[in-house]
Amino acid sequence: MATAPDTPSASQPGDTDTQETREWLDALASVIGQEGPERAHFLIERLIDSAREAGIDIPYSATTAYLNTIPVSQQPHYPGDADLELRIHAYIRWNAMAMVVRANKHSNVGGHIASFASAAALYDVGFSHFWHVPSADHGGDLIFFQGHSVPGVYARAFLLGRLTEEQLDHFRREVDGKGISSYPHPWLMPDFWQFPTVSMGLGPLQAIYQARFMKYLQARGFANNGEGRTARKVWAFLGDGETDEVETLGAIGMAAREKLDNLIFVINCNLQRLDGPVRGNGSIIQELEAEFRGAGWNVIKLIWGTRWDGLLARDTQGLLKKRMLELVDGDYQTFKAKNGAFVREHFFNTPELRALVADWTDDDIWQLNRGGHDLFKIFATYDAAVNHRGRPTVILAKTIKGYGMGQAGEAMNISHQQKKMDAEAIRRFRDRFELPVADNEIEELPYLRFAEGSRELAYLRERRQALGGYLPQRRRTAAALAIPPLSVFDSLLKASGEGREISTTMAVVRIFNVLLKDRQIGRRVVPIVPDESRTFGMEGMFRQVGIWNQEGQKYVPEDHDQLMFYKESKDGQVLQEGINEAGAMADWIAAATAYSVHGEAMIPFYICYSMFGPQRTLDLCWAAGDQRARGFLIGGTAGRTTLNGEGLQHQDGHSPLLAGLIPNCLAWDPTFAYEVAVIIHDGLQRMFVEQQDVFYYLTAMNENYPHPEMPAGESVDTPADIIRGMYLFRKGLASDGKKAAPRVQLLGSGTIFREVIAAATLLKDDWGVDADLWSCPGFAQLARDGNETQRWNLLHPLEKPRRSHVEHCLDDTRGPVIAASDHVRQFAEQIRPFVRRRYVTLGTDGFGRSDTRERLRYFFEVDRHWITVAALKALADEGSLAPAVVAEAIARYGIASDKPNPLSV
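Reading the values: the criteria
All residue numbers refer to positions counted from 1 along the written sequence of the respective chain. Where totals are concerned, whole chains, interfaces and linings use all residues; where local detail is concerned, this predicted model gives features only for residues with pLDDT of at least 70, and gives and counts side-chain atom pairs only at 80 or more. Heavy atoms throughout the structure, all of them, feed into the side-chain values; hydrogens and water do not. UniProt positions are given in the numbering used here, feature names are shortened, and annotations may be inferred rather than shown by experiment. A run of H or I in DSSP counts as a helix once it spans at least four residues, and a run of E counts as a strand once it spans at least two, with each numbered from the N terminus. Type-normalised accessible area, obtained with a 1.4 Å probe on protein chains alone, sets the label of each residue: buried when under 20%, exposed when over 50%, and partly exposed for intermediate values. Paired strands, in this sense, are two strands between which DSSP finds at least two bridges. Between the N-to-C directions of two axes lies an angle of 0 to 180 degrees, each axis being a line fitted to C-alpha atoms and, for a helix, fitted only over the stretch in contact. Note on contacts: a residue pair qualifies if any of its non-hydrogen atoms lie within 4.5 Å across the two residues. Any two rings among Phe, Tyr and Trp, with Trp reduced to its six-membered ring, count as a pair given centres within 6.5 Å; such a pair is stacked if its planes are under 30 degrees apart, edge-to-face if over 60, and tilted if neither.

1. A few points about the UniProt feature "domain: Transketolase N-terminal" (unreviewed entry) in the chain
Reasoning step 1: The feature "domain: Transketolase N-terminal" (unreviewed entry), as given by UniProt, occupies residues 92-302 in the numbering adopted here.
Reasoning step 2: Between the end C-alpha atoms of residues 92-302 there is a gap of 23 Å, over a span that is 39% helix and 10% strand.

2. Remarks on the pairing of strand β4 (residues 298-302)
Reasoning step 1: Among the 5 residues in β4, 5 count as buried, and that is most of the element.
Reasoning step 2: Here β4 shows no split at all, with N298, I300 and L302 on one side and V299 and K301 on the other all buried.
Reasoning step 3: In this structure, β4 lies alongside strand β5 (residues 393-398), joined through 5 bridges in parallel fashion. The residue bridging L302 from the neighbouring strand is A397, located in β5.

3. Some remarks on the sheet that holds strand β15 (residues 743-748)
Reasoning step 1: Spatial strand order, β14-β16-β15-β17-β18: 5 strands in an open sheet with mixed pairing. Two strands bound the open sheet, and with one partner strand each, they are β14 (727-730) and β18 (839-842). Each strand axis lies, on average, 30° off the axis of its neighbour in the sheet, ignoring direction.
Reasoning step 2: Bridge analysis of β15 against strand β17 (residues 817-820) gives 4 bridges, and the strand direction is parallel. Looking at β17, one finds that Q745 is bridged to V817.

4. Considering the environment of A759
Reasoning step 1: Structurally, the position occupied by A759 is in helix α30 (residues 752-767).
Reasoning step 2: On the basis of relative accessibility, which here comes to 0%, the residue A759 falls in the buried class.
Reasoning step 3: Residues A759 and Q745, spaced 14 residues apart in sequence, show a C-alpha to C-alpha distance of 11 Å.
Reasoning step 4: Ignoring anything within four residues of it in the chain, the contact list for A759 reads L746, R864, I867 and T868.

5. Structural notes on the environment of V545
Reasoning step 1: Within the secondary structure, V545 sits in the loop between α22 (540-544) and β7 (547-548).
Reasoning step 2: On the basis of relative accessibility, which here comes to 15%, the residue V545 falls in the buried class.
Reasoning step 3: Sequence spacing of V545 and P527 is 18 residues, and the spatial spacing of their C-alpha atoms is 9.9 Å.

6. Here's the deal with the packing of aromatic side chains
Reasoning step 1: This model, assessed by the stated rule, comprises 57 aromatic pairs.
Reasoning step 2: Their ring planes at 85° and their centres at 6.1 Å tell us that W131 and F145 sit as a pair that is edge-to-face. Linking W131 in the loop between α4 (114-129) and β1 (142-144) with F145 in the loop between β1 and α5 (150-159), this pair joins segments that are 14 residues apart in sequence.
Reasoning step 3: By relative accessible area, F145 is classed as buried at 3%.
Reasoning step 4: Arranged with centres 5.8 Å apart and planes meeting at 25°, the rings of F672 and Y674 form a pair that is stacked.

7. Brief notes about the UniProt feature "domain: Pyruvate dehydrogenase E1 component middle" (unreviewed entry) in the chain
Reasoning step 1: The feature "domain: Pyruvate dehydrogenase E1 component middle" (unreviewed entry), as given by UniProt, occupies residues 496-708 in the numbering adopted here.
Reasoning step 2: Helix makes up 32% of residues 496-708 and strand 15%, whereas the separation of the span's terminal C-alpha atoms amounts to 7 Å.

Rendered as structure tokens:
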């Protein structure tokens, strides 16, 4: 605090000369009074530097006194009508409580009262005085609402006429289409919520990267974020218990390093988790101050309310401040669960402290408030935050969980789970906030409204109109993009050429390069990579479009004399996130939702190790689906056997299954360059022209091999069938002789489809078996199509049954069906219900390991020999071949009959 230091206590340890101490403190007070706190800060820092240069050990301390950062003398004038706002806030509190309690009278749908009760004033000051929506004059602020506090957001929207009483009564009852969602879910309320935040830690992490992406957009000319106090801001509301999640604090160092002064965290420090204290034996506010200050943030502590000001002014010896600091959070929680007499006895526990409140009643002591419930203190804190430059800001606001709930849950360990209140508790709630609810209405819990024409309603509307309109709100579309035709990828649709081998990863990078050069959409492509650019062959982009850094490149890179040197620039296009999949995914989400958040459609491509990207960040992938993200996720080095030298934890055999679980994610496992081109072009059309709320996940392999030309013919529409998920790659040769030879249908995807092709040759040359070859880059899409077909048939029993794409493809074929991929067996198993004959699947179940690709494919039983044996066995089981043929094949191909199951070793 920038105030004159208090006289030190005589009992202060280590003070061997109190007179000298007094002189130093008087000198400091004089500097503060005459030249200001900035000069005082400079002098103190110089003294510390000099002391350290002299060899004096001065440990760094990241914490300050347990007091408000902003002193009374620096509080700005409150611009609102506080009395009117308090009445409005009381109505909002009531409606939020009533909505949850009413929802649980005859159901168990749940809901939370206590979290919003603690944070209500923090939200209300923001709504009334700070948060802009997109308008002609402002790009709009981004608000990440704490998930458990949404009843209060709904309650405010209800007062403004944005939600109906019927919708409030259907809180958490959404199936019939009338309800409102339990937490912020853009998928369920696409015109209302922007960001899903209730999965702990993801809101703070995404807020950091949204703030960074705003800087990226401005640097590249896509947005004007404004300057000064009214510049666009990202506000993230979170709970102190949420900071235990590693994602919450995982990127705060980056936020400070990148100087994200457009970012404000508001941490609601009600000192409680879901089950008990956050830090019962410590102080979460002091701990978080050290974390954020050490990371380089501007920290503002908002601990005590206005009613403490006079008492602190009386404390000339610093005893009260000392007492505040020595208590632990468990003590503070207990105080607020008791009464004024208890606080007098246990907080003011010395004769000197009791003397400070000797003329106060127990009720006066009980009214001592916390800063997070005080409009004037909150406004002063927010005002300081929006005016701060050069660093992100965190506000540590001390509150009471369940504020206003009394014995039904105020400051109690049970408060988080409270969703019911009895009549007496509701009556006390009504009385505490002076609400116009008659005794005979208590059981009914009526929603409260302000009459049309009332001062309160006019004030509510006026404050929001001054800030651009109602909040929260979400845009569904942006201007459609002019994407190039499929022919722009013509070189990938043709054969790679004699002796030219490439991987599908290289095909993806070539598509990047084509799109980056496109005059219509090139500027909107956002390549994102977590420190693996060279692994994926993307280093050419360093020179071509540069790596974005808002400070440019202040150094001469070691490889500056090379063609593809490491180039950072203020207008660079690549987002290079270091070894940080979660950050890269948050980057991708920011870009993939820019069409809605900023009104600018961007085309993000995030490429990562497939084993680490989706697996480590699947929660973020689901959040992306909820936010209706649009873009491409590329799982590089995919498949259990293609990344052959790395071993167990690097080898992915399941990422397409994980991605395919997300309803609006379309997962693909292509084999050839033309399949990659067709799939990406389809995604561009769906997402950025038709503006469908989907995103694409593609696997890409690092194995080089020749790529054929896309099959074509008068009756063949290969691009359409690729997008359906399955197409005829090559029909088996006609049988020789009068008697038809045995025949099988071979299916495959990814790099193992090449083993399938080789197996078809073995079957023909070694055993006289014909095979039709089917490429299935979209097993996930085939499964969805089949399930949708079955559902339609179930609901339309009197109509002609529909047939799935798998059934259409296999209609005029014969023989058992064998499918193989470089993923677990369950991947190909997805289409079993739609294969109306014997179906055998091969996959890479088990732990990965390091070896050559050939040995790994033998080990996992997906190479050409295993596929051939599986096909022969299926024919033998159908009676088309003798079992001895299978035994002969096992011997010929050197397959050990006693080989252990790869799942078990």
